[in-house]
Amino acid sequence: QEASAARRRGLIELAFSRPVAERIERDTDLLRGQSREVSVLFADLREFSRRFHTQAEGGLGAVVAYELLGEVMAALRDVIAEHNGHLIDYYGDGLAAMWNAPLDQPEHTLLAARTAIACDAALAPIDTAWRDRLGAPRRLGVGVHTGRALVGNGGSRLRIKYGARGETVNLAARVERATKAIGISPSVTSAVAT
């Protein structure tokens, strides 16, 4: 039983911060599916795919590209954690995060908006360190939307993947993509700004 409890605790702590994991361990119903208002943030590193090509093609090469990507994702993960967000997942050269689930966060829109603003500043030291190898400033697209979503564990007993589904998530992703066209990042919807 102790080994089983330790494995369960380990799985939970892989997906959540320690304080949230402790609450979930006491009340596993927090992982069950439910509908609630959340703030969702998407962030995407611009033009990373172009820089991913082999060094012979003028790109960074796989080893260097993944080193840079690791540094960027770690910096963004830290900003999300500092603002009490839940990192939903990494995807390609971006990530998604949310607030107000699984625990209540009355100021979730403010936390998400502050995170969006802090993302670019968090990457400034990386820009400085990588200036010679990048050849051009790194750009980041960040979009945030607030609304109702279905939240819960979309993973399994062996791998927790707690996240959100629905139109709110889709709209947050579209806002992030729109930052490329409008040239303004971060961008938030009126649901976040009110």
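Look above for the structure.
So, a few notes on the structure that sits alongside this text. (Residues numbered from 1 in each chain as written. Predicted model: local features only at pLDDT ≥ 70, side-chain atom pairs only at ≥ 80, totals over all residues. Heavy atoms only, no water.)

## Some words on the overall build of the protein chain
- If you tally the helices and strands in the protein chain, you get seven helices and six strands.
- Listing the helices and strands of the protein chain from first to last along the sequence gives α-α-β-α-α-β-β-α-β-β-α-β-α.
- Taking all 194 residues of the protein chain together, the buried fraction comes to 45%.
- Looking at the protein chain alone, contacts between residues at least 24 apart form 67% of all its contacts between residues at least 6 apart. (Helix = DSSP H or I, 4+ residues; strand = E, 2+ residues; numbered from the N terminus. Buried < 20%, exposed > 50% of the residue type's maximum accessible area, 1.4 Å probe, protein only. Contact = heavy atoms within 4.5 Å.)

## Some points on helix α2 (residues 18-26)
- Within α2, the full set of buried residues consists of Val 20, Ala 21 and Ile 24. Seen along its axis, α2 keeps its buried residues to an arc of 100°; they face one direction. In α2, those exposed residues whose orientation departs by more than 90 degrees from the buried face are Arg 18, Pro 19 and Arg 26. (Arc of directions from axis to C-beta.)

## Topic: the side chain of Arg 36
- With respect to the helices and strands, Arg 36 occurs in strand β1 (residues 34-45).
- A residue is classified by how much of its surface remains accessible, and Arg 36, at 9% relative accessible area, is buried.
- Here Pro 102 takes part through its backbone oxygen, which lies 3.4 Å from a polar atom of the side chain of Arg 36.
- Among the polar contacts listed, one links the side chain of Arg 36 to the side chain of Asp 104, at a separation of 2.3 Å.
- Setting aside chain neighbours within four positions, we find Arg 36 in contact with Asn 100, Ala 101, Pro 102, Leu 103, Asp 104, Gly 147, Arg 148, Ala 149 and Val 151. (Polar contact = N/O pair within 3.5 Å; in protein donor to acceptor, adjacent residues only side chain to side chain.)

## Focus: the environment of Arg 114
- Structurally, Arg 114 can be placed in helix α5 (residues 108-134).
- Note: C-alpha distance between Arg 114 and Val 79 (35 residues apart in sequence) is 9.5 Å.

## Description of the nonpolar core
- Of all hydrophobic cores here, the largest spans 29 residues; its most connected members are Leu 41, Val 72, Leu 76 and Leu 140.
- Elements supplying a minimum of two residues to this core: β1, α4 (62-82), β3 (94-99), α5 and β4 (140-153).
- For this core, the element with the most residues is α4, which contributes 10 residues.
- Apart from the residues lying within four places of it in its own chain, the contact partners of Leu 76 are Ala 43, Leu 95, Cys 119, Leu 123 and Leu 140.
- Counting 24 residues, the second largest nonpolar core, distinct from the first, contains Ile 12, Phe 16, Leu 31 and Val 169. (Core = buried A, V, L, I, M, F, W, Y, C linked by side-chain atoms within 4.5 Å.)

## Section: the pattern of salt bridges
- What the rule picks out here adds up to seven salt bridges.
- We note a salt bridge from Arg 77 to Asp 78, for which the minimum N-O separation is 3.0 Å.
- Taking the relative accessible area as the measure of exposure, Arg 77 reaches 37% and is therefore partly exposed.
- Put simply, Asp 44, Arg 46 and Glu 176 are held in one network by salt bridges that share partners. (Salt bridge = Lys/Arg side-chain N within 4 Å of Asp/Glu carboxyl O.)

## Concerning the side chain of His 86
- As for its position among the elements, His 86 is in strand β2 (residues 86-91).
- Residues contacting His 86, with those up to four places away along its chain left out, are Ala 15, Phe 16, Ile 80, Ala 96, Ala 97, Met 98, Ala 101 and Tyr 162.

## Quick word on the layout of surface pockets
- Considered as a void within the structure, the largest pocket measures approximately 730 Å³ in volume.
- Around the largest pocket, the lining is made up of 28 residues, and of these Leu 14, Ala 15, Phe 16, His 86 and Leu 87 lie nearest the centre.
- When residues of the lining of the largest pocket are traced back to their parent elements, those giving at least two are α1 (2-15), α2, α4 and β2.
- By residue class, the composition of the lining of the largest pocket is 17 nonpolar, five polar and six charged. (1 Å grid on protein atoms, 1.4 Å probe; cavity = no way out; pocket = protein on both sides within 12 Å on 5 of 7 lines; lining within 4 Å. Points joined across faces, edges and corners; volume = space filled by probe spheres on them. Nonpolar A, V, L, I, M, F, W, Y, C, P; charged D, E, K, R; others polar.)

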